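# Working through the structure, step by step
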Amino acid sequence: MKMRAAVLEEFGQPLQVQEVELADPKAGEVLVRLEACGVCHTDMYTASGADPSGYAPAVLGHEGCGIVERTGKGVSLVKEGDRVVTLFSPQCGKCEHCLSPRTNLCMAIRAEQNQGHLPDGTVRLSRDGEPIRHFMGTSTFAEYTVMPEIALAVVSPEAPADRVCVFACGLSTGLGAAMYTAQVEPGSTCVVFGAGLVGLGAVAGCRLQGAERIVCVDLSDERLELARGQGATDVMVGGPDAVDQILEMTGGMGADYTFEATGIVKVMQQAVEAARMGWGLATMAGVAGKGETLDIVPRFLITGRRVAGSSFGGVKGRDQVPQLVDRYLKGEIDVDPLISHSLSLDEVNRGFDLMHDQDGIRSVISFG
Ligand SMILES: NC(=O)c1ccc[n+]([C@@H]2O[C@H](COP(=O)([O-])OP(=O)(O)OC[C@H]3O[C@@H](n4cnc5c(N)ncnc54)[C@H](O)[C@@H]3O)[C@@H](O)[C@H]2O)c1
Ligand SMILES: [Zn+2]
Ligand SMILES: [Zn+2]
């Protein structure tokens, strides 16, 4: 079939919205009609050429929500008409990692996905016979996508697509970092560095876990105000003194849980140093630049602080994204303030500009 999609043709150049060819789903694959898709930093990072593992031409986009249009042979996990959230982090349910409660890093299709292929090593996207690769296994800056069934979470049909799409990446990453990776205990003191979608999600996750005190640190007063809306009890402008200020706020001890959601390694270091002696857990969600390293004075670890990394918030996508969406539908998670701009597919590059200017938290593309 023919459809419109935003293609990354050349790194550092705007995406080009154009007509491309999408082949039918093969065995285990599903054709999804996109309803909405968020614009995330990883799309912009890849488009810029800064990501050494990026490839082109490719259809970008990974924060998608849509409707199952058709299923390939042997598909049993989704059916026509289901509302689904796309998962760049799939859940096969069978590999060693899926069977362990300790991680969400499914191994089933990793190698091919990293190459921009579907699990059988081929692509469904093309233009004039020339193959186009699938970005993050999702390619949701498009009217339709073909994806493996293990990479689709079936969510409530009542869930509005232009809100629920952010559960495909940023929001779940933050919520999950607090709920699944750190497993924040009720009554805890938490500090979240960064108040973008990931950090605000972490604030909400700490609140849902029953944290007593939630301090959010960011550079923008506007974003800190949003953090209050998500449940932050204290807010603070970040900078070199952030650790000292947090120690002062916590009787010299530091926080039970800290979260880093900026992607800046100096801030990651602050998250470690602001964690409490004895049991403080510092969870890293931000993605650092290529080659950057995190400096930790070993004494911080000897004296009981721990460091964890969190990819997609440790969320096992097919099981837990629907649960998070249900909590949103019950009114426990306030998504509206996080969606700032509604765009058409043709305006996708404007989504990058808005993100670059930190204008709002998330722009969402709606497909008419
Ligand atoms: N682990 C994952 O699976 C995953 C998924 C999505 C995004 N990410 C990463 O998470 C990070 C956050 O994503 P986002 O969409 O929320 O980004 P964002 O750019 O919207 O938010 C980052 C925030 O950090 C703040 N900040 C900058 N310097 C600071 C400082 N010194 N102290 C405190 N705050 C500071 C900025 O003001 C901004 O509000 C990025 O690195 C992104 O790549 C990771
Ligand atoms: Zn993302
Ligand atoms: Zn798996």
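As the structure is a computational prediction, the values presented were derived from the model and not from experiment.

## Overview of the overall build of the protein chain
Each helix and strand in the protein chain was counted, giving twelve helices and 18 strands. Computed over C-alpha atoms, the radius of gyration of the protein chain comes to 20 Å, within 12% of the 21 Å expected from 2.2 N^0.38 for 368 residues, which places it in the range of a compact globule. Seen through its principal axes, the protein chain has C-alpha atoms that stretch 65 × 40 × 40 Å. Within the protein chain, buried positions represent 56% of all 368 residues. Taking all contacts inside the protein chain whose residues are at least 6 apart in sequence as the whole, residues at least 24 apart take part in 70%. Carbon and sulfur atoms make up 49% of the accessible area of the protein chain, which amounts to about 15300 Å² in all. Each charge class in the protein chain was averaged separately, 31 positive and 47 negative side chains, and the resulting centres sit 6 Å apart.

## Topic: the coordination of the zinc ion (ligand 2)
As a benchmark, a tetrahedral metal site with four donors has ideal angles of 109.5 degrees, while an octahedral site with six donors has ideal angles of 90 or 180 degrees. Distances from the zinc ion (ligand 2) to its protein donors, namely Cys 40 (SG), His 62 (NE2) and Cys 169 (SG), fall within the range 2.0 to 2.3 Å. Between the donor residues of the zinc ion (ligand 2), the gaps in sequence give the motif C-x21-H-x106-C. Here Cys 40, found in the loop between β3 (29–38) and α1 (41–48), pairs with His 62, found in the loop between β4 (58–59) and β5 (63–71); they are 22 residues apart in sequence, far enough to count as distant. The exposure class assigned to His 62 is buried, which follows from its relative accessible area of 0%.

## Digging into the coordination of the zinc ion (ligand 3)
Only Cys 92 (SG), Cys 95 (SG), Cys 98 (SG) and Cys 106 (SG) from the protein coordinate the zinc ion (ligand 3), and they sit 2.3 to 2.4 Å from it. Of note is the zinc ion (ligand 3), whose four donor atoms meet at the metal with angles of 105 to 117° in an arrangement that counts as tetrahedral. Positions of the donor residues of the zinc ion (ligand 3) along the chain correspond to the pattern C-x2-C-x2-C-x7-C. There is no split in this pair, since Cys 95 and Cys 98 are both buried.

## Considering the site of ligand 1
Near ligand 1 lie 25 residues; those nearest to it are Asp 218, Arg 223, Ala 285, Ser 310 and Phe 312. Between ligand 1 and Ala 285 there is a distance of 2.9 Å, counted from a nitrogen atom to a backbone nitrogen or oxygen. Residue Ser 310 places a main-chain N or O atom 2.9 Å away from a nitrogen atom belonging to ligand 1. In isolation ligand 1 offers 860 Å² of accessible surface; the protein chains occlude 88% of this area. For the shell around ligand 1, the elements supplying multiple residues, two or more each, are α6 (197–208) and β12 (213–218). Among the residues making up the shell around ligand 1, the classes are represented as twelve nonpolar, ten polar and three charged.

## Quick notes on unusual backbone geometry
Across the junction of Ala 56 and Pro 57, the peptide omega takes the value 0°, indicating a cis bond. Even without a glycine there, the phi angle at Met 136 is positive, about 55°. Take Met 136: it is sitting in the loop between β8 (130–134) and β9 (144–148). With a relative accessible area of 15%, Met 136 lands in the buried category. The backbone phi angle of Ser 139 is positive, close to 50°, even though this residue is not glycine.

## What about the packing of aromatic side chains?
Using the criterion set out here, one finds two aromatic pairs in the structure. Geometrically, the ring pair formed by Phe 88 and Phe 312 is edge-to-face, given 5.2 Å between the ring centres and 65° between the ring planes. Taken together, the residues span a long stretch of sequence, with Phe 88 in the loop between β6 (83–86) and α2 (96–99) and Phe 312 in the loop between β16 (306–309) and α11 (317–329) at a distance of 224 residues. Each member of the pair Phe 88 and Phe 312 is classed as buried. Seen from the ring of Phe 300, Arg 299 lies directly overhead, with NZ or CZ sitting 4.9 Å from the centre.

## Quick notes on the layout of surface pockets
Of the volumes computed, that of the second largest pocket is approximately 240 Å³. Residues that form the lining of the second largest pocket fall into these classes: two nonpolar, nine polar and two charged.

## Observations concerning the pattern of salt bridges
Evaluated as defined, the whole model comprises 17 salt bridges. Measuring nitrogen to oxygen at the nearest pair gives 3.4 Å for the salt bridge that ties Asp 234 to Arg 213. Pair noted here: Asp 234 is in strand β13 (residues 234–237) and Arg 213 is in strand β12, with a separation of 21 residues, a long-range link. In this structure, the salt-bridge partner of Lys 330 is Glu 332, at a minimum N-O distance of 3.9 Å. By relative accessible area, which is 25% here, Glu 332 ends up partly exposed. Connected through shared salt-bridge partners, Lys 26, Glu 29, Asp 120 and Arg 124 make up one network.

## A few points about the sheet that holds β12
Spatial strand order, β13-β12-β11-β14-β15-β16: six strands in an open sheet with parallel pairing. One side of each edge strand has no neighbouring strand; the edge strands of this open sheet are β13 and β16. Strand-to-strand twist of the sheet, defined as the mean angle between neighbouring strand axes without regard to direction, takes the value 20°. Summarising the sheet, strand β11 (residues 189–193) and strand β14 (residues 257–260) pair through four bridges and their orientation is parallel.

## Digging into the pairing of β9
Burial analysis of β9 places five of its five residues in the buried class, which makes it a mostly covered element. Burial along β9 is two-sided: Tyr 144, Val 146 and Pro 148 facing one way and Thr 145 and Met 147 facing the other are all buried.

## Quick notes on the nonpolar core
Ranked by size, the top nonpolar core spans 84 residues in total, and within it Phe 141, Phe 167, Phe 259 and Val 321 carry the most contacts. With residues up to four places along the chain from it excluded, the contact list for Phe 167 reads Val 85, Ser 172, Leu 175, Phe 312, Val 321, Leu 324, Val 325, Tyr 328, Ile 333 and Val 335.

## Observations regarding the sheet that holds β8
The sheet built from five strands closes into a barrel, its strands ordered β1-β2-β7-β8-β4 with mixed pairing. Bridge count between strand β1 (residues 2–8) and strand β2 (residues 16–22): six bridges; the pairing is antiparallel. From the neighbouring strand, Ala 5 faces β2, where its bridge partner is Gln 18.

Here is what the cut-offs are and how they apply
- Residues numbered from 1 in each chain as written.
- Chains lettered and ligands numbered in written order.
- Predicted model: local features only at pLDDT ≥ 70, side-chain atom pairs only at ≥ 80, totals over all residues.
- Heavy atoms only, no water.
- Helix = DSSP H or I, 4+ residues; strand = E, 2+ residues; numbered from the N terminus.
- Rg over C-alpha atoms; globule rule 2.2 N^0.38 Å.
- Buried < 20%, exposed > 50% of the residue type's maximum accessible area, 1.4 Å probe, protein only.
- Contact = heavy atoms within 4.5 Å.
- Areas by Shrake-Rupley, 256 points an atom, 1.4 Å probe, with all protein chains shown as cover.
- Lys, Arg positive; Asp, Glu negative; His and termini not counted.
- Charge placed at Lys NZ, Arg CZ, Asp CG, Glu CD.
- Donors = N, O, S within 2.8 Å, 3.2 Å for Na, K, Ca; no water.
- Tetrahedral: all angles 85-135°; square planar, octahedral: opposite > 155°, others 65-115°.
- Near = heavy atom within 4 Å.
- Polar contact = N/O pair within 3.5 Å; in protein donor to acceptor, adjacent residues only side chain to side chain.
- Nonpolar A, V, L, I, M, F, W, Y, C, P; charged D, E, K, R; others polar.
- Phe/Tyr/Trp six-rings, centres within 6.5 Å; stacked < 30°, edge-to-face > 60°.
- Lys NZ or Arg CZ within 6 Å of the ring centre and 35° of its normal.
- 1 Å grid on protein atoms, 1.4 Å probe; cavity = no way out; pocket = protein on both sides within 12 Å on 5 of 7 lines; lining within 4 Å.
- Points joined across faces, edges and corners; volume = space filled by probe spheres on them.
- Salt bridge = Lys/Arg side-chain N within 4 Å of Asp/Glu carboxyl O.
- Pairing = 2+ DSSP bridges.
- Axes fitted to C-alpha atoms, helices over the stretch in contact; angles between N-to-C directions.
- Core = buried A, V, L, I, M, F, W, Y, C linked by side-chain atoms within 4.5 Å.

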